[in-house]
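# Coordinates in review
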4 protein chains.
Amino acid sequence: MSSTGGPLNAGVLGATGTVGQRFIVLLSQNPMFRIHSLGASERSAGKAYRLAAKWKLSDPMPDEAREALVKPCDPAQFAGCDVVFSGLDASVAGDIEGAFLAADFAVFSNAKNYRMVPSVPLCVPVVNTDHYALVAGQRAASGRKKGFIVTNSNCSTSGLVVPLKALQDRFGPLRRVVVTTLQAISGAGYPGVASLDILDNIVPLIEGEESKMEAEVLKILGGVSADASACAPLTDLRVSATCNRVPVIDGHTECVSVEFAAATPPSIDEIKQCLREYTCEAQRLGCYSAPAQVMQVTEEEDRPQPRLDRNAGGGMSVTVGRIRECPVFHVKFTLLVHNTVLGAAGASILNAEYAAKKGYL
Amino acid sequence: MSSTGGPLNAGVLGATGTVGQRFIVLLSQNPMFRIHSLGASERSAGKAYRLAAKWKLSDPMPDEAREALVKPCDPAQFAGCDVVFSGLDASVAGDIEGAFLAADFAVFSNAKNYRMVPSVPLCVPVVNTDHYALVAGQRAASGRKKGFIVTNSNCSTSGLVVPLKALQDRFGPLRRVVVTTLQAISGAGYPGVASLDILDNIVPLIEGEESKMEAEVLKILGGVSADASACAPLTDLRVSATCNRVPVIDGHTECVSVEFAAATPPSIDEIKQCLREYTCEAQRLGCYSAPAQVMQVTEEEDRPQPRLDRNAGGGMSVTVGRIRECPVFHVKFTLLVHNTVLGAAGASILNAEYAAKKGYL
Amino acid sequence: MSSTGGPLNAGVLGATGTVGQRFIVLLSQNPMFRIHSLGASERSAGKAYRLAAKWKLSDPMPDEAREALVKPCDPAQFAGCDVVFSGLDASVAGDIEGAFLAADFAVFSNAKNYRMVPSVPLCVPVVNTDHYALVAGQRAASGRKKGFIVTNSNCSTSGLVVPLKALQDRFGPLRRVVVTTLQAISGAGYPGVASLDILDNIVPLIEGEESKMEAEVLKILGGVSADASACAPLTDLRVSATCNRVPVIDGHTECVSVEFAAATPPSIDEIKQCLREYTCEAQRLGCYSAPAQVMQVTEEEDRPQPRLDRNAGGGMSVTVGRIRECPVFHVKFTLLVHNTVLGAAGASILNAEYAAKKGYL
Amino acid sequence: MSSTGGPLNAGVLGATGTVGQRFIVLLSQNPMFRIHSLGASERSAGKAYRLAAKWKLSDPMPDEAREALVKPCDPAQFAGCDVVFSGLDASVAGDIEGAFLAADFAVFSNAKNYRMVPSVPLCVPVVNTDHYALVAGQRAASGRKKGFIVTNSNCSTSGLVVPLKALQDRFGPLRRVVVTTLQAISGAGYPGVASLDILDNIVPLIEGEESKMEAEVLKILGGVSADASACAPLTDLRVSATCNRVPVIDGHTECVSVEFAAATPPSIDEIKQCLREYTCEAQRLGCYSAPAQVMQVTEEEDRPQPRLDRNAGGGMSVTVGRIRECPVFHVKFTLLVHNTVLGAAGASILNAEYAAKKGYL
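Going by what an unreviewed UniProt entry lists, chain A is known as Aspartate-semialdehyde dehydrogenase and is assigned to Coemansia biformis. The annotation that UniProt attaches to chain A under Sequence similarities (unreviewed entry) is "Belongs to the aspartate-semialdehyde dehydrogenase family." The UniProt entry for chain A carries this comment under Catalytic activity (unreviewed entry): "L-aspartate 4-semialdehyde + phosphate + NADP(+) = 4-phospho-L-aspartate + NADPH + H(+)".

## Concerning the domain arrangement of chain A
Residue and element names in this part refer to chain A. Split into domains, chain A comes out as domain 1 (8-154 + 345-357) and domain 2 (155-339). The gap between the C-alpha centroids of domain 1 and domain 2 is 24 Å. Between domain 1 and domain 2, the residue contacts involve 35 residues of the former and 39 residues of the latter. Between domain 1 and domain 2 lies a buried interface of about 2,900 Å² when both sides are counted; carbon and sulfur atoms form 63% of it. Taken together, the links from domain 1 to domain 2 amount to 2 salt bridges. A salt bridge links Arg22 to Asp250; the nearest nitrogen and oxygen atoms lie 3.5 Å apart. Taken together, the connections running from domain 1 to domain 2 amount to 19 residue pairs in polar contact (both at pLDDT 80 or more). Elements supplying a minimum of two residues to the side of domain 1 that touches domain 2: helix 1 (18-28), helix 5 (133-142) and helix 12 (341-357).

## Comments concerning the state of the cysteines
Scanning the model with the defined rule gives 0 disulfides over all chains in all. The thiol of C:Cys255 is unpaired, and the distance to the nearest cysteine sulfur, on D:Cys255, comes to 9.0 Å.

## Section: the UniProt feature "domain: Semialdehyde dehydrogenase NAD-binding" (unreviewed entry) in chain A
This chain's UniProt record puts "domain: Semialdehyde dehydrogenase NAD-binding" (unreviewed entry) on residues 9-135 of chain A. What you have in residues 9-135 of chain A is 28% helix and 19% strand, and the ends, taken at the C-alpha atoms, are 21 Å apart.

## So, the sheet that holds strand 12 (residues 295-297) of chain B
All names here are of chain B. Within the open sheet, the 6 strands sit side by side as 10-7-11-14-13-12. Their pairing is mixed. Every other strand in the sheet has two partners, leaving strand 10 (238-245) and strand 12 as the edge strands with one partner each. Sheet twist, expressed as the mean angle between neighbouring strand axes with direction ignored, is 20°. Pairing of strand 7 (residues 174-183) with strand 10 involves 8 bridges; the strand directions are parallel. Its bridge partner lying in strand 10, Val179 is registered against Ala241. Contacts between helix 6 (residues 155-171) and the sheet are confined to strand 7, strand 11 (252-260), strand 12, strand 13 (318-325) and strand 14 (331-337), with strand 11 contributing the most and set at about 30° to the helix. Across the sheet, helix 9 (residues 268-277) is in contact with strand 11, strand 12, strand 13 and strand 14; its angle to strand 13 comes to roughly 170°.

Rules behind the numbers
- As a convention, each chain's residues are numbered from 1 in the sequence order in which they are written.
- Written order decides the labels, with chains lettered from A and ligands numbered from 1.
- The model is predicted, so local features are restricted to residues of pLDDT at least 70 and side-chain atom pairs to those at 80 or more, both for listing and for counting; the totals for chains, interfaces and linings are taken over all residues.
- Water and hydrogen atoms play no part in the side-chain values, which are based on all heavy atoms of the structure.
- UniProt positions are given in the numbering used here, feature names are shortened, and annotations may be inferred rather than shown by experiment.
- Where each domain starts and ends comes from a domain assignment, either automatic or drawn from a database.
- Here a residue-residue contact requires only that any non-hydrogen atoms of the pair lie within 4.5 Å.
- Buried area is a sum: the accessible area each of two parts loses on coming together, probed at 1.4 Å, counted once for each and added.
- The term salt bridge refers to a pairing of a side-chain nitrogen on Lys or Arg with a carboxyl oxygen on Asp or Glu at a separation within 4 Å.
- As used in this structure description, the phrase polar contact means that two N or O atoms lie within 3.5 Å; if the pair is within protein, one of them must be able to donate a hydrogen and the other to accept it, and residues adjacent in sequence are counted only when both atoms belong to side chains.
- Secondary structure follows DSSP: runs of H or I at least 4 residues long count as helices, runs of E at least 2 residues long count as strands, and numbering of each begins at the N terminus.
- By convention in this document, the label disulfide applies to cysteine sulfur atom pairs within 2.5 Å.
- Two strands qualify as a pair provided DSSP detects at least 2 bridges between them.
- Comment: axis = line fitted to C-alpha atoms, over the contacting stretch for helices; angle = value between 0 and 180 degrees taken between N-to-C directions.

Here you go:
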């Protein structure tokens, strides 16, 4: 809530895209925010949202968006917004988010452009909200009073770091992780993946995705420098990611093998218990979008499945199953994350809720 | 060819199932064999094949099968067959294949029942035809003159061992392999996977598949005991397999990371060259079904893809792509194998061609 | 609500099937009902529901069902139920529903067994609740005090009759209707359609479906005899239905051409207005499950689409689009109906709400 | 064959597109033609074909195309071609095909641009090769010695006219036809249909398709004017088409209801016999691509199915099933046509074979 107790005014950049659409659905259901301004490209600006957006979600377009006039992504047009969410494409996100920052907005971004900047939190809100310590440094360095930027991770990274964080917290450092993903098409936006490429098919490449995962995990699971001026990524963990596109609408499946650094690894039962018991600060603060359970640990052998489990916790829970010994490392499991909720728009929104609770807004 | 120079008479057990259907298509195109007898369950026996089989292949039902009368799977009914191919379900394969063996038939089986018996070759015909050395021992131990059994591997194993064999032959022992599969639905037979389980979905479990892969690789890449009485599986290689079912008709995709035992692993270029240059004895003998290239190594970053690459080499080639360094092990790559050709019926047939060329039939 | 003002106790027969699962999700969200008893086959009876049911819906299993003990479908076990919903398979529905009727229960059934019995309402609750007039006759004929049976139609029929009813009411009798359906796989239950039959494929036959549609439309759009003892199906309308199965999870698409009996047919604009303005008695009574709009008429040329429109009105609205002149008849259009909501469980539930509002329970 | 007895030199315009790819596969297997020149946009010109084309067919890229240099679509670059096939997009086909005509080439086109020109044959080669009578008129009117243009129809039209032609020839004029199509994604080219639009979905609109079908049928089933200067479309047949896009790779399914003009329509058995017995002149001339059976009439109730039947007759046969009485018209049935073979490239090639046999080349 804002200082006056009412909902915060939210702007959405890239509002007509698939991530933007998910922002709009989630914000329309969220009592902490009121949709205030929708921004998109010049081509869409000036049109009613329902005419500018090619709607692609199974949830119907919220009424508060239908007739809203789309604005250009110009900070001057977003006066009155307490918070700005960005679902912009990376090709334009760098400049536009930079302009909003310069205009002293609090920006919560899905784009990759600022993720690896040392002073910018790369925050999966059920994992590393301690990285908000970087915000003060950002403001000090730039002389801004209110403005800052918090990014959330690549959609695949979002799922992976959740159990890894729990394991690291409880059992100490991890040494090696091998992960193979089966990623949904909604992650590629619209028109995105051509149907001739994915019907009765698998595409074994997602450009740039593997290196993003391998780097982002280290930053998220790492800490913050002593003076809170920069992140301090892990240096001893090695991650190998292989990313595939599969014919699934929503929900990334990830097959993970983990090796602990400890001489004596935990048992499978200890690992299950650890994942079940994991909680995060956003839950403890009572953030609206924080899931009741960060991870849903399933004992059903053939789960998680994207169609059945992607909506767990409203898309904010990670489902982890098939936890078993790995003949090569210590443990292997399969996880599922909703790539456009916890993996994108939902993470940004929970990041903003957290920021509000902690007085950053 | 038979001793008289004509094609060999082939029987097919389990002829109405999906593997049986593939046998029939492949045999109908193969000059070395003539379809002689089709066997199936009592329910089908006595019917014309076209009425007994619910045909599920895109290739039309061959004319020589359409009106053939289906027989029960009784050795007495298969007199005149020079070779018997089995596409039987594991629930009945043990007894029936055993009966054909006892009746002195040469049996080539896809079923898992005899695969791990030490005296039985588990033979991927482009990989380990040297295991045919076990055949003499089988005969000696049983007192059979002609009869023996050769099995081929699980469909996922078939793809995996091909590059691993090439690497092991050239660069020495492997230490660790992590593989994640994305397996086609045809591997589960008919009716097999329910559509509600796989449309817009992934099933992260294939019962028994992971342990089969982990064990079969060791047997196939291993050798034969000095007296040729038993196989000698590898003992120093560790394999971790994770198997998923995906909405693809034919073609298993496998994401593989490999660690060599050698202190100095080969370079990526050396590995590519090794895979490209790999040849097998079935090729050198001029077997009809042996592919021109055992592996097709692709430089296109987004390949292999099941829809585009499964028919490489008539389904008998393995396509290997995305060969690159692995941040955790030495090399990782993605391979594709046609699960019902090299992964099932095609392997059996090439095994039989090899046996004929070497005088075992 | 019951006479005491609390929610009505609901039993569900066939609770573990796909229609039963939808009943459970919808009832768990419905303030008029409380899930009281879940019945299934002997194989499931005595188990906790979560163990007996193979859950196949994207909505998670409601908590009130998870630990409920499944009962056999025996009326003695359902004492205390105010209403019984049946999602039974037709192979057993005749006997079991008959037994519940004999035991004086109010039965709302999805099964086909009693649909065409003249004294039984075949009721699409947004179309022909006037057929409830048959209930008194049912009771009189059987000597039952409370018990009666109301059926809802085949899922495809449910969608078709909604615009036809509106057109008939406004513009007079229809003469000819040609309809081709593209039906979702969930309509076939579980395991239902094999994935090998529907991936990259269409199945141009749904057993018995076309004749059901052709007959049910006449009964639903017809009336009730003067003495309310039997339905009075239309006799002058001819309907030709062609039914296809398509690779869609939920939502039946139907392409419809209509010829009016009137010499001067209405204009396209009049037809659109008629569909938009159509309302039903269940709405006027304020039934909980009645959609705000019976039909959502879309002007977007490429709608309705199952993935985008099946949840309109919580699955209780029919979406009608592409309303245009037909070169052969008078008008053609495409409609979409959620086959397991308005086409199955949702219709039964709204039928029961209507019955409660009208004092039949 | 050419006058010298060798294969004819073939040029392909739009060679990198999906129709162009099908041309290349079919021509590489056809003894009457030799691939001589491949033309595409300026962007592709000058590159090796394997680098210029994003290959999307399951059949591997033919060797004779791999290293061929792609040319711009300029007639001067196609000297030496005996025949030019066009798989060009309609946005450029008008000008380019016009230029090739002006340069006196024999052009066989899939594009819609010239289809409805009265002097241009719109020829489905198993249906109306009698329309070649227009070629002489074309040449006379233009003063060209060798050049002419023959078009083939829209892919959906190609399937529909085949049984209609047989029925019309045997039983006299048809009065009314209602057809609903379920069309494969390959018909939309590449990238074509976005996967987010078609996974778990149906798109109930294909822009311009319905009016094309409704008009083309009349031209194809009609005749030629007495002086062979123009086509003479049917005037008494009314056709209503509804076109849907479905998640199928190749193969259009069409549900058809037909009313005869005759007072006494034929019986269902007479209709089946008529379709089975239908032959065409291209067969009688022994054209290489003419299928053994123009129509495959199936008695299996659940056929035709695209995955199982699209390759009938090498993709040149139409499969017709479910032939039964229509409660509204006289007969209804379901047909399947391979949309990129008989529905596109295969039709053009057979048209050219026919032209060669008849001395037009």
